[in-house]
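# Observations on the model geometry
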Amino acid sequence: MKYCTKCGLPETYPGIRFDEEGVCNFCNFYDEHRDTLEDQESRHRIFLEEVEQAKQRAKETNAPYDCVVGLSGGKDSTYIVWQMKKTYGLRVLAVTFQNGFHTDYGRRNIDNVLQKLDVDHITVRMNEKELRRYYSKCVGVMKNFCAVCFHFGFYYCHQVAERYGIPLVINGRTKGQIMQFAVNTRGIEPFEISRGLKDFEYQMFGDLIELLDRRGKVDYLPQAKVTSLSYFAYHDITEEETMEFLVKEIGWERPDSKVPHADCWAHAMAEHLSIVKRGYPVRTGELAVLVRRGELTKEEASAILKDDKKRYKKIDRQLEGRFYNRISVSKSVQA
Ligand SMILES: [Zn+2]
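Small disclaimer: the values here were computed from a predicted structure and weren't measured.

### Points about the sheet that holds strand β5 (residues 227-230)
Here five strands make up an open sheet; going across it, the order is β3-β2-β1-β4-β5 and the pairing parallel. Two strands lie at the open edges of the sheet, namely β3 (120-124) and β5, each paired on one side alone. Taken pair by pair, the neighbouring strands of this sheet meet at an average axis angle of 25°, ignoring direction. Relative to strand β2 (residues 92-97), strand β1 (residues 67-70) runs parallel, the two sharing four bridges. When the sheet's bridge partners are listed, G70 is paired in β2 with V95. Of the strands in this sheet, β1, β4 (168-171) and β5 are in contact with helix α3 (residues 40-60), which crosses β5 at around 145°. Along the sheet, helix α7 (residues 146-164) makes contact with β1, β2, β3 and β4, crossing β2 at roughly 145°.

In structure tokens form, the structure reads like this:
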């Protein structure tokens, strides 16, 4: 197996190419744009301008809120609700997509942040059978189901924003999630900012979006002219700093372990499927971004991924059963 000499990505990673020195195209893209991607001041200016414009537009249209924040119960979305309300002074509507994978831990954190921050909140739950169909299909074709939660989470944020005339959606994708497949500036913040759901999903799914749109497979809400900002594309803060901040400010509950995504009970299944299908853990591309940024060494990332591989290679039979039960189209068990 060949690996990038800089970030350690394997040759099986989607879309990867190596130059003569064995450096991957993702590293070369990052290096080419490092100045922009790491210039905190100018990125912050862009964010502030967008926020001010949104405030202005919400005022002009008499919208009941300035922005929608998708709230999962994890640290990143919780942190953003805090920042948008307290630091930026926006009227925030928090929106949770009820996917049936929420944990008690995530629910407690949602309750806590809503009580402490006094923001309005709505939960959206879509047609159960339809949701199961999406999950089953996605697992069948791509051995992945996170994409379904991503899509519908953002879909409902955009839909709610459109319905109430709210001009802005803020999301909690990490820098790793934003940059993990970036080889050009199209759809990548801060180079390009999306003004609608289709633009936004291009950032995550690339050309697949065009195909799904052409075939009419997915509703991209073409009428919804909503600006979307990824908070962490414009702010530099580590995971540990985020957690410390929340513990101090709102008595946030840390997850028990270092395993990521404590707000989703099926995360181990997502990891297992990724390792079986692609041979590497879910956060492989995300950690490579941190290596490029100098926040991790290649060796540290490789040790974390080795651990992930060991942990998720085998899956707990009970969890597996619960998962397939939850996504099964023929069953209608309450998840
Ligand atoms: Zn690389």
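### Side note on the domain arrangement of the protein
If you check the domain split of the protein, you get domain 1 (35-239) and domain 2 (255-327). Placing the centre of domain 1 and that of domain 2 at their C-alpha centroids yields a distance of 22 Å. Domain 1 puts 24 residues into the contact, and the matching count from domain 2 is 18 residues. Put simply, the parts of the chain that give the side of domain 1 that touches domain 2 at least two residues each are α5 (104-117), α6 (128-142) and α8 (175-179). Among the residues forming the side of domain 1 that touches domain 2, the class breakdown is eight nonpolar, 13 polar and three charged.

### Describing α7
Between its terminal C-alpha atoms α7 stretches 27 Å, which fits the 27 Å expected from 19 residues at 1.5 Å a residue. By the burial criterion, the buried members of α7 are V148, C149, H151, G153, F154, Y155, Y156, C157, H158, V160 and A161. Buried residues along α7 sit in contact with β1, β2, β3, α6, β4 and α9 (197-205). In the segment just after α7, G165 is the residue with positive phi, at about 70°.

Conventions used here
Residues numbered from 1 in each chain as written. Predicted model: local features only at pLDDT ≥ 70, side-chain atom pairs only at ≥ 80, totals over all residues. Pairing = 2+ DSSP bridges. Helix = DSSP H or I, 4+ residues; strand = E, 2+ residues; numbered from the N terminus. Axes fitted to C-alpha atoms, helices over the stretch in contact; angles between N-to-C directions. Contact = placed C-beta atoms within 7 Å. Domains from an automatic or database assignment. Nonpolar A, V, L, I, M, F, W, Y, C, P; charged D, E, K, R; others polar. Expected span 1.5 Å × (residues − 1). Buried ≥ 20, exposed ≤ 12 C-beta atoms within 10 Å, placed from the backbone.

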